[in-house]
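Residues per chain are reported as follows:
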Amino acid sequence: MRNHKNRSDDAKSNSDLSTDVSRRKALGFLAAMGVGVPGLVSCADSTLDVDDGASHDVPPTAIDMGMIIERGAKNYESWRGQLSWHTYVSERRPALFVRPETTEQIVAAVRFAAANGLKISTKSGGHNYYESWMREDSLVLDMYNFRHVEVDPEGKTAWVDPSVWSFNLLTALKPYELAFPVATCASVGMGGYVMGGGIGYGWQDWGLACDNVLAAEVITASGDVILATPESHSDLYWAARGGVAGFPGVVRRWKLQCHDEPKKIRVTAKMFPASMMPDVIDASQAEADKQIPGLHIHVVVVPTMMAKAVFLPPDVAADLTIDDKYVCMAEMYVLADTETELDRITDDRFTAPIFSEALATSVHAGNNGLLSVYQELKGREITVTNQICSAVWTPRMKESMDAIMSILENSSADLAYAAMLLNGKNMHDEAGAYSMAGQGSGSLSVYGVWFSDNEGDVARWADAISERLDPFAEGRYINETDCFRRPDHVAKAYSAEKWDKLKQVNKTYDPAGLFHTFPGFEASS
């Protein structure tokens, strides 16, 4: 059985948003579902209950690790449920949750786990479809309290804690006219986002989030606090840039390279019948191949009802009649400093003849840089029982979409859609553990959303999508890979060389396997 929870009682976000930020505005296009933050809970006063046959004489509450709740405590299930990102809650039950407030408390928790035969998993923002941090019988380090940003405006860098949201980071950088390639969802925390690659706004110009890591402060399995840089502990620094669940330590904070903030953003979206999708992809890819700085091209395939409700002004949507169940949207994001620059970049775009055949066109503009994208959507929220994603890198976008269209159109999901990020260039420097497919590849993410409990349908739908995409995939996006149901997809997110190196870094820094690695690879890590 699945466990579900009521979002209405959740405390709100760790940002300054006065209302919830929505989950996704249809495409991976604009953002995001509101994420609840658990309220305070009391600690259980019992000794640790771990099903490993060992005797644990020292109760965790005797150690200064911060807030603690153990399995068996009356509020354990409430706490476990509130940490989940959406209303689905995994059946996996950690031995205890620890919410530290200081580096010293993190160290104490790591040493307590080592002394008591517990494996450790780490939760930052927790924005993960599959609750990768929720591991059976583990000690879960909940890094919720680590939400500080320290900006060096002269160096254009920032020290950023792992639970800082994308929205919070942009807000902290705004006074210094700086920006970062943040996630398309405002409530994504920097911990897993950065360590898993980080595909977000501006990445075609600035690189992925992990490419902008200058240093990482890490607590290792031995309880040592070290600074991993290209010069010091370079192999651990390498692993921090893409290792995610395979990283042998806790990242306390990141030093990130920031960039000059684009002052304005304009998003132009053109709607077409789904039957025109192959030609729309070709024409959009031609625009992306021009490699124009500040220009980012997305193509999304969404249900017609969703497209009319989300992308078009109400008066335009009301007058538009579309018989197709799905439509195709070509989107052009332009980032610039002035209206003149926006016009210069925009005017020569979408000139291919097919773009004149659009059923409708919408334009969104903002004068507050990347924050405009988040702020426009403030207050919208979608609460779902379960949302999953299958994400691949592929140079064969048209063939991939042709293979899955029948599944989208006949999906058991309450909502199913696909988003394509078309690369005109590859800004990823390949210097970290994160692997990205060849220069010509784009990212294809297919989403399924359920508003009711259809566990069997979820599994069957995910398997069907994966089966159709596998022949066209050069690789998998690790941050949107179901590591529990499909451990075979994990290694496909890395090149063979990087996969082997990541396992070796684990053996070097965590020889006893204190930290959980990817599901299915514990013994071989």
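Residues numbered from 1 in each chain as written. Predicted model: local features only at pLDDT ≥ 70, side-chain atom pairs only at ≥ 80, totals over all residues. Heavy atoms only, no water.

### A few points about the overall build of the protein
Working step 1: For the protein, the helix and strand inventory stands at 14 helices and 21 strands.
Working step 2: Across the 525 residues in the protein, those meeting the buried criterion constitute 63%.
Working step 3: The contacts of the protein with a sequence gap of at least 6 include a subset with a gap of at least 24, amounting to 76%.
Working step 4: Here the protein has roughly 19200 Å² of accessible surface; of this, 49% comes from carbon and sulfur atoms. (Helix = DSSP H or I, 4+ residues; strand = E, 2+ residues; numbered from the N terminus. Buried < 20%, exposed > 50% of the residue type's maximum accessible area, 1.4 Å probe, protein only. Contact = heavy atoms within 4.5 Å. Areas by Shrake-Rupley, 256 points an atom, 1.4 Å probe, with all protein chains shown as cover.)

### Examining the nonpolar core
Nonpolar side chains in soluble globular proteins tend to end up buried together.
Working step 1: Counting residues in hydrophobic clusters, the biggest one holds 136 residues, and the most contacted among them are L169, M401 and L408.
Working step 2: For this core, the leading source of residues is strand 16 (residues 326–336), giving 10 residues.
Working step 3: If we skip the residues at most four places from it in the chain, L169 touches V149, V160, V164, F180, V182, M190 and L256.
Working step 4: Residues I68, A95, L96 and F112 belong to the second largest nonpolar core, which totals 22 residues. (Core = buried A, V, L, I, M, F, W, Y, C linked by side-chain atoms within 4.5 Å.)

### Notes on the sheet that holds strand 10 (residues 213–219)
Working step 1: Strand order across the open sheet formed by five strands is 7-8-12-10-11, with antiparallel pairing between neighbours. The open sheet terminates on both sides in strands that have one partner only, identified here as strand 7 (149–152) and strand 11 (225–228). Shown here is a sheet whose adjacent strand axes are inclined to one another by a mean of 15°, direction ignored.
Working step 2: Two elements, strand 7 and strand 8 (residues 157–160), share four bridges in a ladder whose sense is antiparallel. Looking at the pairing, E150 lines up with W159 of strand 8.
Working step 3: Where helix 3 (residues 166–173) meets the sheet, its contacts fall on strand 7, strand 8 and strand 12 (250–257), and the angle it forms with strand 7 comes to roughly 35°. (Pairing = 2+ DSSP bridges. Axes fitted to C-alpha atoms, helices over the stretch in contact; angles between N-to-C directions.)

### Some words on the confidence of the model for the protein
Working step 1: Residue-level pLDDT values for the protein average 81, and 82% of them are 70 or greater.
Working step 2: Across residues 1–56, confidence stays below pLDDT 50; counting only partners more than four residues off in sequence or on other chains, it has 197 contacts.
Working step 3: Below a pLDDT of 50 lies the segment residues 377–381, which in the model reaches 19 contacts outside its immediate sequence neighbourhood of four places, other chains included. (pLDDT = per-residue confidence, 0-100.)

### Some details on the pairing of strand 20 (residues 442–450)
Working step 1: Burial of strand 20 is extensive: nine of the nine residues sit out of reach of the surface.
Working step 2: With burial as the criterion, each face of strand 20 is covered, one bearing G442, L444, V446, G448 and W450 and the other bearing S443, S445, Y447 and V449.
Working step 3: Where strand 18 (residues 386–394) lies against strand 20, nine bridges are found, and the strand directions are antiparallel. The residue of strand 20 that forms the bridge with S390 is V446.
Working step 4: In this structure, strand 19 (residues 415–422) lies alongside strand 20, joined through seven bridges in antiparallel fashion. Considered in strand 20, the bridge of A419 is made with S445.

### A closer look at the sheet that holds strand 3 (residues 67–70)
Working step 1: The strand order across the open sheet built from four strands is 3-4-6-5, with neighbouring strands paired in mixed fashion. Of all strands in the sheet, those with a lone pairing partner are strand 3 and strand 5 (120–123), marking the two edges. In this sheet, adjacent strand axes meet at a mean angle of 20° when their direction is disregarded.
Working step 2: Relative to the sheet, helix 2 (residues 103–115) contacts strand 4 (96–99), strand 5 and strand 6 (139–142), its axis offset from that of strand 6 by approximately 170°.

### Some points on unusual backbone geometry
Working step 1: Located in the positive-phi region is Q291, a residue other than glycine, with phi close to 55°.
Working step 2: Residue classification places Q291 among the partly exposed positions, given a relative accessible area of 43%.
Working step 3: Even without being glycine, F350 reaches a positive phi, approximately 55°.
Working step 4: Within the element layout of this structure, F350 appears in the loop between helix 10 (339–347) and strand 17 (360–366).

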